[in-house]
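An overview of the molecular structure
Here's the letter readout for the chains.
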Amino acid sequence: MYVSSDNHTFPLPSSPGPPLLDPSCMVLSITLVKTFLNILMLAIRRKDACGSLLECFCMTVVFVDFLLLMVLSFIAYFRDFALWGVRFTKYHICLLPQILSFAYGFLHCPVFLLAGVDHYLNISKTSKVSPLGRNIFYFFTVILIWIAALAYVLGDSVTYVSLSKQPLSSYHCPFYVSIQSYWLSLFMVGVLLVVFGTCWSEVLTMTQSLRVISYMKETALYFPFAPDWDPMVICKKQLLTKLLICFLGTWFPFVFLQIIILFLDIRIPAYVEMNIPWLYFINSFLIAAVYWFRSHELKVTETILHMDPYVNWNFCFIPFTIHHTEKTEKTAAVIAC
């Protein structure tokens, strides 16, 4: 088997003899599972979330993966055929995911930066574009991102040499690892660990008084003994604590998985790693970061904070009291995850 890091390929040791499963069959199975997971994540997301650049990019990832699955299934069924003068064989079941892997590997950091700028403009309300105009802008921006990625991959001489000179045996199917996703994951996990180290005492205090309640037909986390705060000022450390609890309340299993992957240095193919759970994880991280960076502009009465399909952030900021509690004069911090 071959692994590529930053468009350089090197062999991994493998056991002699033919594998138990055909490599093309494994690629097809992995693509099927990934496509099903993408569709499942889209189906269970919050439907009232506002549109964003990253949300639009997620839709294109689902479409590209579904299209890849259909093409690979067609090739696997007919095995050897010609279409528009091009002969397709079982070799292409490995080649097409390789090309897509290079494109996915190139997209992590550009999408992360563009999505961060988009969230900052939307949350700070500096953009005056209408919703329709914003969606059109998102669509053409994502199309340009894909065109740039594919042009870079197909036009890069190093990538071309890697694809053309790698022998495809009957036992091995090359795959590629994105160095961008590794450093991006390391950065986000590092930030979360630093934040937890800064606010661990506040996190423990708040979680000890945690109660699960029902608010507006949604399950919410109620903190009746939240630290006192000025109703007109948002303390950065208190806000950071609430954002951390809100984020980990939804994404802790995924954060734990990222830590294991980084610690064990597990190599994941780029066409597998670019998936909808990973993109929504980035989306929640960016929203929390933008909220914290502009905390001096936030007002505790803000309610238009529905930017995340999975994490409900608005109860972090709205002061209100829960009926039938002993101390209703205190501000209650309620977080719905």
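Definitions and cut-offs
- Residues numbered from 1 in each chain as written.
- Predicted model: local features only at pLDDT ≥ 70, side-chain atom pairs only at ≥ 80, totals over all residues.
- Heavy atoms only, no water.
- UniProt positions renumbered as here; feature names shortened; annotations may be inferred.
- Helix = DSSP H or I, 4+ residues; strand = E, 2+ residues; numbered from the N terminus.
- Phe/Tyr/Trp six-rings, centres within 6.5 Å; stacked < 30°, edge-to-face > 60°.
- Buried < 20%, exposed > 50% of the residue type's maximum accessible area, 1.4 Å probe, protein only.
- Salt bridge = Lys/Arg side-chain N within 4 Å of Asp/Glu carboxyl O.
- Contact = heavy atoms within 4.5 Å.

The name an unreviewed UniProt entry assigns to the protein chain is G protein-coupled receptor 160, from the organism Sarcophilus harrisii. Recorded in UniProt for the protein chain, the comment headed Subcellular location (unreviewed entry) runs: "Membrane".

1. What to know about the UniProt feature "transmembrane region" (unreviewed entry) in the protein chain
Summarizing the sequence annotation, UniProt attributes the feature "transmembrane region" (unreviewed entry) to residues 20-44, 56-78, 90-115, 136-155, 175-201, 243-264 and 276-293 in the numbering used throughout. For residues 136-155, the helix share is 100%, the strand share is 0%, and the end-to-end C-alpha distance is 28 Å. End C-alpha to end C-alpha, residues 243-264 measures 28 Å, and it is 100% helix and 0% strand.

2. Focus on the packing of aromatic side chains
Within this structure, the stated rule accounts for 18 aromatic pairs. Considering the side-chain rings of Phe247 and Phe285, the 6.5 Å spacing of their centres and the 75° angle between planes classify their relative orientation as edge-to-face. Separated by 38 residues along the polypeptide, Phe247 in helix H7 (residues 236-264) and Phe285 in helix H9 (residues 276-293) bring together distant segments of the chain. The same class applies to Phe247 as to Phe285, namely buried. On the numbers, 6.4 Å between centres and 25° between planes, the contact of Phe252 with Phe256 is stacked. Of this pair, Phe252 and Phe256 both sit in helix H7, four residues apart, roughly one helical turn. Ring pairing ties together the aromatic residues Phe112, Phe187, Phe247, Trp251, Phe254, Trp278, Tyr280, Phe281, Phe285 and Tyr310, which thus form one cluster.

3. Re the pattern of salt bridges
In this structure the tally under the stated criterion is three salt bridges. Note that Asp65 is salt-bridged to Lys34, the shortest N-O span being 2.9 Å. You can see Asp65 sitting in helix H2 (residues 53-78) and its partner Lys34 sitting in helix H1 (residues 23-44), a full 31 residues away along the chain. Lys34 matches Asp65 in its accessibility class, with the two residues each being buried. Between Arg45 and Glu55 there is a salt bridge, and its shortest N-O distance comes to 2.9 Å. Note that Arg45 is positioned in the loop between H1 and H2 and Glu55 in helix H2, a separation of ten residues in sequence. For Glu55, a relative accessible area of 13% puts it in the buried group.

4. Here's the deal with the side chain of Lys34
Using a relative accessible area of 6% as the deciding quantity, one classes Lys34 as buried. Discounting chain neighbours no more than four positions away, the residues touching Lys34 are Asp65, Tyr104, Tyr271, Val272, Met274 and Asn275.

5. Comments concerning unusual backbone geometry
Notably, Asp265 is not glycine yet its phi reads approximately 55°, a positive angle. Mapped onto the elements, Asp265 comes out in the loop between H7 and helix H8 (270-273).

6. Details of the environment of Leu28
In this structure, Leu28 sits in helix H1. On a C-alpha basis, the gap between Leu28 and Ser73 in space is 7.2 Å, while along the polypeptide they are 45 residues apart. When neighbours within four sequence positions are excluded, Leu28 is seen to be in contact with Leu69, Leu72, Ser73 and Ala76.

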